[in-house]
Amino acid sequence: MTTSKYIKSKGLPSIEETARLSHTPVNTINNWYKSRRDRLDVLLDGAMLRYIDEQFVSSGLTELEFSQKIIKILKG
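Residues numbered from 1 in each chain as written. Predicted model: local features only at pLDDT ≥ 70, side-chain atom pairs only at ≥ 80, totals over all residues. Heavy atoms only, no water.

Here we look at the pattern of salt bridges
In plain terms, the rule: For salt bridges, the criterion is a side-chain nitrogen of Lys or Arg within 4 Å of an Asp or Glu carboxyl oxygen. Here a strand is any run of E in DSSP of at least two residues, a helix any run of H or I of at least four, and the numbering for each starts at the N terminus. Residue burial is assigned from relative accessible area. The probe radius is 1.4 Å, only protein chains are included, and a residue is buried under 20% of its type maximum, exposed over 50%, and partly exposed in between.
On inspection of all chains with the given rule, the structure shows 3 salt bridges. Among the salt bridges present, the one from Glu 17 reaches Arg 20, with a minimum N-O distance of 2.6 Å. Here Glu 17 pairs with Arg 20, and both are found in helix α2 (residues 15-22), just 3 residues apart, close to one helical turn. Take Arg 20: its relative accessible area is 41%, and that puts it in the partly exposed class. Each of Glu 17, Arg 20 and Glu 54 takes part in a single network of salt bridges with overlapping partners.

Here's the deal with helix α4 (residues 37-59)
For an α-helix the count is 3.6 residues per turn, leaving residues at separations of three or four pointing the same way. Heads up, the condition is: A helix is expected to span 1.5 Å for every residue after the first. Only heavy atoms matter for contacts: two residues are in contact if any of them lie within 4.5 Å across the pair.
The end-to-end C-alpha distance of α4 is 31 Å, a good match for the 33 Å that 23 residues give at a rise of 1.5 Å each. Taken together, the buried positions of α4 are occupied by Leu 40, Leu 43, Leu 44, Ala 47, Met 48, Tyr 51 and Ile 52. Among the structural elements, α1 (3-9), α2, α3 (26-35) and α5 (63-75) are those in contact with the buried residues of α4. Immediately beyond the C-terminal end of α4, within one or two residues, lies Gly 60, with a positive phi of roughly 70°.

A short note on the nonpolar core
Here is the rule: Throughout this description, the term nonpolar core refers to a set of buried Ala, Val, Leu, Ile, Met, Phe, Trp, Tyr and Cys residues connected via side-chain atoms within 4.5 Å.
Counting 16 residues, the largest nonpolar core has Ile 7, Leu 12, Ile 29, Leu 40, Leu 44 and Met 48 as its most contacted members. The biggest single contributor to this core is α4, with 7 residues. Not counting residues up to four positions away in its chain, the partners in contact with Ile 29 are Thr 3, Ile 7, Ile 15, Thr 18, Ala 19, Ser 22, Thr 24, Leu 40 and Leu 43.

Observations concerning the environment of Leu 40
With respect to the secondary-structure elements, Leu 40 resides in helix α4. Setting aside anything within four residues of it in sequence, one finds Leu 40 in contact with Tyr 6, Ile 29, Trp 32 and Tyr 33.

Quick look at the layout of surface pockets
Note the threshold: A 1.4 Å probe that fits into a set of points on a 1 Å grid over the protein atoms alone but cannot get out defines a cavity; an open set with protein on both sides within 12 Å along at least five of seven lines defines a pocket, and lining residues are those with an atom within 4 Å of a point. Grid points are joined across faces, edges and corners, and a volume is the space filled by probe spheres set on the points. Amino acids outside the nonpolar list (Ala, Val, Leu, Ile, Met, Phe, Trp, Tyr, Cys, Pro) and the charged list (Asp, Glu, Lys, Arg) are all regarded as polar, and Gly is one of them.
Looking at the largest pocket, its volume works out to about 290 Å³. Lys 10, Gly 11, Met 48, Lys 72 and Ile 73 are, among the 14 residues lining the largest pocket, the residues nearest its centre. Tallied by class, residues from the lining of the largest pocket come to 6 nonpolar, 3 polar and 5 charged.

Here's what the structure looks like:
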């Protein structure tokens, strides 16, 4: 599996979006996928929370949809 596919399987749209949300270079994300998966998973959790928050604010997610997305993250 590639880094991009792994990120998408976690619910984020792309590696570029993950880089933007986490303020982490794409190269670092790729390196962590190969050698520091534990660190990458923590970064992805934080990026997902920011992504959901942005979606909640800009797209008008309901509280139920927001809660469902948070639960999906926690179940990982």
